[in-house]
Structures are given as structure tokens and as C-alpha cells.
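Residues per chain, in single letters:
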Amino acid sequence: MYEVVYMKADFEPWWMFEEWRDYCVSSKTFTNKIDTEAYVKELIAKMEPCFEHYEIRKGCFHAFWSTSEKYYCNGCEGDLQLYHGIIVLLDGEPNIS
């Protein structure tokens, strides 16, 4: 089973910290690779024009961000960058290509 997760967090999606699922905004599952790849391409096409930066790692982690999109962290006492991430999973694990 394929899963495409959209998350927003103060870290890039490839870090997959223990609590990364807490930052999940949406998730969609697919039974085949073709439909999964089509959906990911669609998401990228929608998101890329909205952000200054885009980076992909290992074929399954996509990060989008704009330097102006930050939020204040009380615990850190400073501004943190906000990242919009897409993670492609296969049977619950990163689908590294």
C-alpha cells in the first residue's frame, strides 16, 4: 500500500523525527505506483509556484518553503522556518528510489 503524506513542521520531511506524524495535515493511500506518482506530480505542480524553495531527497521526500514563512517558538525564544513536506511511503516506510 502506498501513502502520500502532506505535513507542515519546523523541520524538513526527511528527518522523520519520532513525532513526525503529529504534523500530518493530510494523507492519501493508493494501491499502485502509477496512481501514487500521478498524485505526487499533481501536488508538486500545485505547490511549487507557491514557495521560493523546493528540494527533493531520496526520491520520496519533498520539501517546500519560503524564507518569509516563519513562526515564533516560545520554547526556543526565536523564529523557526516552516516547511511543507510531502512524504511517499510504501507499506509504512519511505519509498526510496
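Here, the structure is the one placed above.
A few points on the structure. On a predicted model such as this, the values are computed, not experimentally measured, just so you know.

**Focus: the overall build of the protein**
Step number 1: A count of helices and strands for the protein gives one helix and eight strands.
Step number 2: Helices (α) and strands (β) of the protein occur, in sequence order from the N terminus, as β-β-α-β-β-β-β-β-β.
Step number 3: For a compact globule of 97 residues, the expected C-alpha radius of gyration is about 13 Å, and the protein comes in at 14 Å, within 12% of that figure.
Step number 4: Projected onto the principal axes, the alpha-carbon positions of the protein cover approximately 45 × 30 × 20 Å.
Step number 5: Burial analysis of the protein (97 residues in total) assigns 39% to the buried set.
Step number 6: Sequence separation of 24 or more characterises 52% of the internal contacts of the protein that already satisfy a separation of 6 or more.
Step number 7: Summed over its atoms, the accessible surface of the protein is roughly 6,000 Å², and 50% of this surface lies on carbon and sulfur atoms.
Step number 8: Of the side chains in the protein, 9 bear a positive and 17 a negative charge, and the two mean positions are spaced by 6 Å.

**A short note on the side chain of Gln81**
Step number 1: Mapped onto the elements, Gln81 comes out in strand S6 (residues 78–81).
Step number 2: From its side chain, Gln81 meets the backbone oxygen of Glu69 in a polar contact 3.0 Å long.
Step number 3: Among all residues touching Gln81, those that are not within four sequence positions of it are Ala9, Asp10, Trp65, Ser66, Thr67, Glu69 and Lys70.

**Details of the packing of aromatic side chains**
Ring pairs (aromatic) are described by centroid distance and by the angle formed between their planes.
Step number 1: A full pass over the atoms with the stated rule returns seven aromatic pairs.
Step number 2: Plain terms: the ring middles of Phe11 and Phe17 are 4.9 Å apart, the flat faces sit at 70° to each other, and that makes the pair edge-to-face.
Step number 3: In textbook terms, an aromatic cluster arises when at least three aromatic residues are bridged by ring pairs, as seen for Phe11, Trp15, Phe17 and Tyr23.

**A look at the side chain of Thr36**
Step number 1: Take Thr36: it is sitting in helix H1 (residues 33–47).
Step number 2: When residues no more than four places from it in sequence are discounted, the contact partners of Thr36 are Tyr2, Val4, Phe30 and Val88.

**Concerning the pairing of strand S3 (residues 53–57)**
Step number 1: As defined by bridge partners, S3 adjoins strand S4 (residues 61–65) across five bridges and the pair is classed as antiparallel. Each residue of the ladder has a partner; that of His53, found in S4, is Trp65.
Step number 2: With antiparallel pairing between neighbouring strands as the criterion, S3 and S4 make up a hairpin whose turn holds three residues, including Lys58 at a positive phi of roughly 55°.

**Thoughts on H1**
Quick reminder: α-helices carry 3.6 residues per turn. Residues three or four places apart thus point the same way.
Step number 1: With 15 residues, H1 extends 21 Å between its outermost C-alpha atoms, agreeing within 8% with the 21 Å of an ideal straight helix rising 1.5 Å per residue.
Step number 2: What H1 keeps buried is the set Thr36, Tyr39, Val40, Leu43, Ile44 and Met47. Down the axis of H1, the buried side of the element spans an arc of 135°, and every buried residue falls inside it. Among the exposed residues of H1, those oriented more than 90 degrees off its buried face are Ile34, Lys41, Ala45 and Lys46.
Step number 3: Here the buried face of H1 lies against strand S1 (2–9), strand S2 (24–30), S3, S4 and strand S7 (83–90).

Thresholds, definitions, all that
Residues numbered from 1 in each chain as written. Predicted model: local features only at pLDDT ≥ 70, side-chain atom pairs only at ≥ 80, totals over all residues. Heavy atoms only, no water. Helix = DSSP H or I, 4+ residues; strand = E, 2+ residues; numbered from the N terminus. Rg over C-alpha atoms; globule rule 2.2 N^0.38 Å. Buried < 20%, exposed > 50% of the residue type's maximum accessible area, 1.4 Å probe, protein only. Contact = heavy atoms within 4.5 Å. Areas by Shrake-Rupley, 256 points an atom, 1.4 Å probe, with all protein chains shown as cover. Lys, Arg positive; Asp, Glu negative; His and termini not counted. Charge placed at Lys NZ, Arg CZ, Asp CG, Glu CD. Polar contact = N/O pair within 3.5 Å; in protein donor to acceptor, adjacent residues only side chain to side chain. Phe/Tyr/Trp six-rings, centres within 6.5 Å; stacked < 30°, edge-to-face > 60°. Pairing = 2+ DSSP bridges. Expected span 1.5 Å × (residues − 1). Arc of directions from axis to C-beta.

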